[in-house]
Amino acid sequence: MNYLLKNLPVRTQKPRTTGFTMVMDKGLSIREVENFVDANAEYVDIVKLGWATSYLTNRLAEKIEIYRDAGIPVYFGGTLFEAFVIRDQFEDYRKVIDKYGIRFAEVSDGSISLPHDKKCEFIRILAKDVTVLSEVGSKDAAKIIPPYKWIEQMQSELDAGSWKVIGEAREGGTVGLFRDSGEVRQGLVEEILTKIPEDRIIWEAPQKEQQVWFVKLLGANVNLGNIAPNEVIPLETIRLGLRGDTFDHFLGDHSF
Amino acid sequence: MNYLLKNLPVRTQKPRTTGFTMVMDKGLSIREVENFVDANAEYVDIVKLGWATSYLTNRLAEKIEIYRDAGIPVYFGGTLFEAFVIRDQFEDYRKVIDKYGIRFAEVSDGSISLPHDKKCEFIRILAKDVTVLSEVGSKDAAKIIPPYKWIEQMQSELDAGSWKVIGEAREGGTVGLFRDSGEVRQGLVEEILTKIPEDRIIWEAPQKEQQVWFVKLLGANVNLGNIAPNEVIPLETIRLGLRGDTFDHFLGDHSF
Amino acid sequence: MNYLLKNLPVRTQKPRTTGFTMVMDKGLSIREVENFVDANAEYVDIVKLGWATSYLTNRLAEKIEIYRDAGIPVYFGGTLFEAFVIRDQFEDYRKVIDKYGIRFAEVSDGSISLPHDKKCEFIRILAKDVTVLSEVGSKDAAKIIPPYKWIEQMQSELDAGSWKVIGEAREGGTVGLFRDSGEVRQGLVEEILTKIPEDRIIWEAPQKEQQVWFVKLLGANVNLGNIAPNEVIPLETIRLGLRGDTFDHFLGDHSF
């Protein structure tokens, strides 16, 4: 760090299992990736190439390599997994992640209807080769999944071999964990936390207010995902109580 | 493309007259343009230097050349045309586009009051030298133009020599085709389409929900404009049914 | 400028004391700073490293130097000052700004409770070494400061040695000068202007509608702050009446 500030919350260091930041890249160019890792590498634990954007990425292998050389593993968004599965091309999907040397896979059913035992089967198969992240929650705002179901699914997916489960939100910060307004479904989050260990969950929280909410609830070292590339340092300041939103949260009482 | 996915909608290829993507650059630096074309060139048909931002652009000729070398023509936003016209400097405008080797011109009246026959006269004059895009719709939210008038104007502008007509929206996605909330004026769009051939229209649609709406209505190869540079690849996935929003749209019935 | 347009408002030139644009950098990488200054340097008067983001900036000294070489001084956001003060590390703060060769300091109390005479005391101390900008207004939406208090504080801070006072808004454009919706608290602004000279105030106005409002009220050469890096050229066009929003404002009556 550039100077000493006393009494800051202690952040975990890479490789992190808590205090984890997952960033979403939705189409950065090679040089933008170089810029990004130059400024942010130590604060980023993994990068998701958002949904199926990797299909269209110029110089994809090179891009993945730049991230990797900066100590940041890359994986494909769950929608890509779904796009292969819905086309009966699951084996092709496995070949693609193998071809690009990807060591993580996301299993999700945000856009397709997938019986839950079938989803767990995909987790089991993929977990033999790679680290699996599985995502719970629909991208369809009309599909409200009750809390007990979130818990049931998260637990069985962890049992099937998921390293962590992801609580769904869109890139824009709606659906899944959030209401249309972007507001957190607090009761849902709190109920999940009564049953699933906090360190096994990554909360997708693209909006600042959502990040602030989770940091206030779970502390500096909460696992957060779908962070925009230019919000990584702002998020890090939120975690450390160095932005107005959480400034008071990590301080005791101070007066003059 | 980086891997094979079956049953994707077929996209048109450059040079496109349908499935056209017009991007708005509101002040990218030279190196940002290089980054942009590296990642996006094949998905971009034309770049508009937004409104009169070109007045302030450092190394403008160089910037235009980088786009051109990547196979992307550049033109000046309609507000610049209007800024010259309102000052009685139309001849100067013609010299400027000539000086920079611009091969397209936008004729609009979003910020000025221009009798429609005068507007068509400008189209006729410019069409002798360059390809004309003309824009219908006001930037003034209070000026509601009824659908029959949109159609009348679009038709007479095409007759006067416009290559395509543009349905107006602001950079932020309001006015013209959209309500203050950003919601599409559906009846307007549908009525326009009863009279004006789809391939002659470019719909300005900067917001994701607007892009999704047009792709669902008119398919993968709808002409869209005012796309932000970092939304080109996301838009391309929307066109291909590779993002949650249109994932189902291009698939038949699938079940497990 | 790239071409001649008649009858544009006359902009002040660097070094400016009015018509001042303060940009907020919330974590740009080195190369992004290079890109930024290449396209924008002549329109930017000062850069604020937002709140305490500088704590986490890679190659901070190098970054500051690139700005400086482009003729743009840099300073640390007020939240950083507050983070040092609340920890009883004010002397450390002075050493940090000295170490990085910073020639400006922001004194604020947006996140801490600081008796106003104590705040003025900090201004007096810092003003001996550097140019002080002091900020009035809370980041806490619940703390509404009445207009007479804004004026009183601004005046006593100027008396204590502030070069200019800053009217607070968040990066997102809420609190302080603005309502939760981002709307300007017009009565507040107008009352302030009855007492404090316009050229001594910088209005934080990150949202386009806010910038438009201030340009319409105070003209092309109003002092504005918290401008996002990619909004500098758009703002400059707003100042010059070269964007739809202020197109009419600087023109007399024109008709055909």
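Because the structure is predicted, anything quoted here is derived from the model rather than measured.

*Asks:* An account of the interface of chain B and chain A is requested, with residue identities and associated values reported.
*Replies:* Listed per partner, the contact involves 31 residues of chain B and 38 residues of chain A. Here chain B packs against chain A, burying approximately 3,200 Å² in sum over the two surfaces, 57% of which is carbon and sulfur. At the junction of chain B with chain A, the criterion picks out 3 salt bridges. One salt bridge in this structure joins Asp38(B) and Arg59(A), with 2.6 Å as the shortest N-O distance. Where chain B touches chain A, the interface holds 17 residue pairs in polar contact (both at pLDDT 80 or more). Within the residue set of the side of chain B that touches chain A, elements represented by two or more residues are helix H1 (30-40) and helix H9 (232-239) of chain B. If one sorts the elements of the side of chain B that touches chain A by residue count, H1(B) sits on top with 5 residues.

*Asks:* Give me the interface of chain A and chain C: which residues, what numbers.
*Replies:* Contacts between the two partners involve 31 residues from chain A and, on the opposite side, 38 residues from chain C. For the chain A and chain C pair, buried surface summed over both sides reaches about 3,200 Å², with 57% attributable to carbon and sulfur atoms. Remark: the boundary between chain A and chain C carries 3 salt bridges. Residue Glu231(A) is joined to Lys26(C) by a salt bridge in which the shortest nitrogen-to-oxygen separation is 2.4 Å. For the side of chain A that touches chain C, the secondary-structure elements that each account for two or more residues are helix H1 (30-40) and helix H9 (232-239) of chain A. Counting residues per element, the side of chain A that touches chain C draws most heavily on H1(A), which supplies 5 residues. Partitioned by chemical class, the residues of the side of chain A that touches chain C number 14 nonpolar, 7 polar and 10 charged.

*Asks:* Describe the pattern of salt bridges, listing the residues and the values that go with them.
*Replies:* Under the defined criterion, the tally for this structure stands at 54 salt bridges over all chains. Among the salt bridges present, the one from Glu34(C) reaches Arg31(B), with a minimum N-O distance of 2.6 Å. Of this pair, Glu34(C) sits in helix H1 (residues 30-40) while Arg31(B) is found in helix H1, placing the two residues in two different chains. Put simply, Arg11(C) and Glu236(C) hold a salt bridge, and the shortest N to O gap is 2.7 Å. Taken together, the residues Arg11(C) in the segment before strand E1 (21-25) and Glu236(C) in helix H9 (residues 232-239) connect sequence positions 225 residues apart. Exposure class is identical for Arg11(C) and Glu236(C). Each is buried. One salt-bridge network, held together by shared partners, links Arg11(A), Glu236(A) and Arg239(A).

*Asks:* Summarise the packing of H1(A) against helix H2 (residues 60-69) of chain A; cite the residues concerned and give the values.
*Replies:* Residue and element names in this part refer to chain A. Packing of H1 against H2 leaves a shortest axis separation of 10 Å and a crossing angle of 5 degrees. It follows that H1 is roughly parallel to H2 by the angle criterion. When H1 is examined against H2, the residues Ile30, Val33, Glu34, Phe36 and Val37 are found in contact with a partner set consisting of Glu62, Lys63, Ile66 and Tyr67. Residues belonging to the contact of H1 with H2 are distributed by class as follows: 6 nonpolar, no polar and 3 charged.

*Asks:* Give me the sheet that holds strand E7 (residues 201-204) of chain C: which residues, what numbers.
*Replies:* Residues and elements named next belong to chain C. Reading across the sheet, the 8 strands line up as E3-E2-E1-E8-E7-E6-E5-E4 and stay open at both edges, with parallel pairing between neighbours. Looking along the sheet, the strands with just one partner apiece sit at the ends: strand E3 (74-76) and strand E4 (104-107). Averaged over all pairs of adjacent strands, the angle between strand axes in this sheet comes to 25 degrees, irrespective of strand direction. Bridging between strand E6 (residues 162-167) and E7 involves 3 bridges; their strand directions are parallel. Residue Gly167 lies in a different strand from E7, and its bridge partner there is Trp203.

Criteria and cut-off values
Residues numbered from 1 in each chain as written. Chains lettered and ligands numbered in written order. Predicted model: local features only at pLDDT ≥ 70, side-chain atom pairs only at ≥ 80, totals over all residues. Heavy atoms only, no water. Contact = heavy atoms within 4.5 Å. Buried area = accessible area lost by both parts, 1.4 Å probe. Salt bridge = Lys/Arg side-chain N within 4 Å of Asp/Glu carboxyl O. Polar contact = N/O pair within 3.5 Å; in protein donor to acceptor, adjacent residues only side chain to side chain. Helix = DSSP H or I, 4+ residues; strand = E, 2+ residues; numbered from the N terminus. Nonpolar A, V, L, I, M, F, W, Y, C, P; charged D, E, K, R; others polar. Buried < 20%, exposed > 50% of the residue type's maximum accessible area, 1.4 Å probe, protein only. Axes fitted to C-alpha atoms, helices over the stretch in contact; angles between N-to-C directions. Parallel < 35°, antiparallel > 145°, perpendicular 65-115°, else oblique. Pairing = 2+ DSSP bridges.

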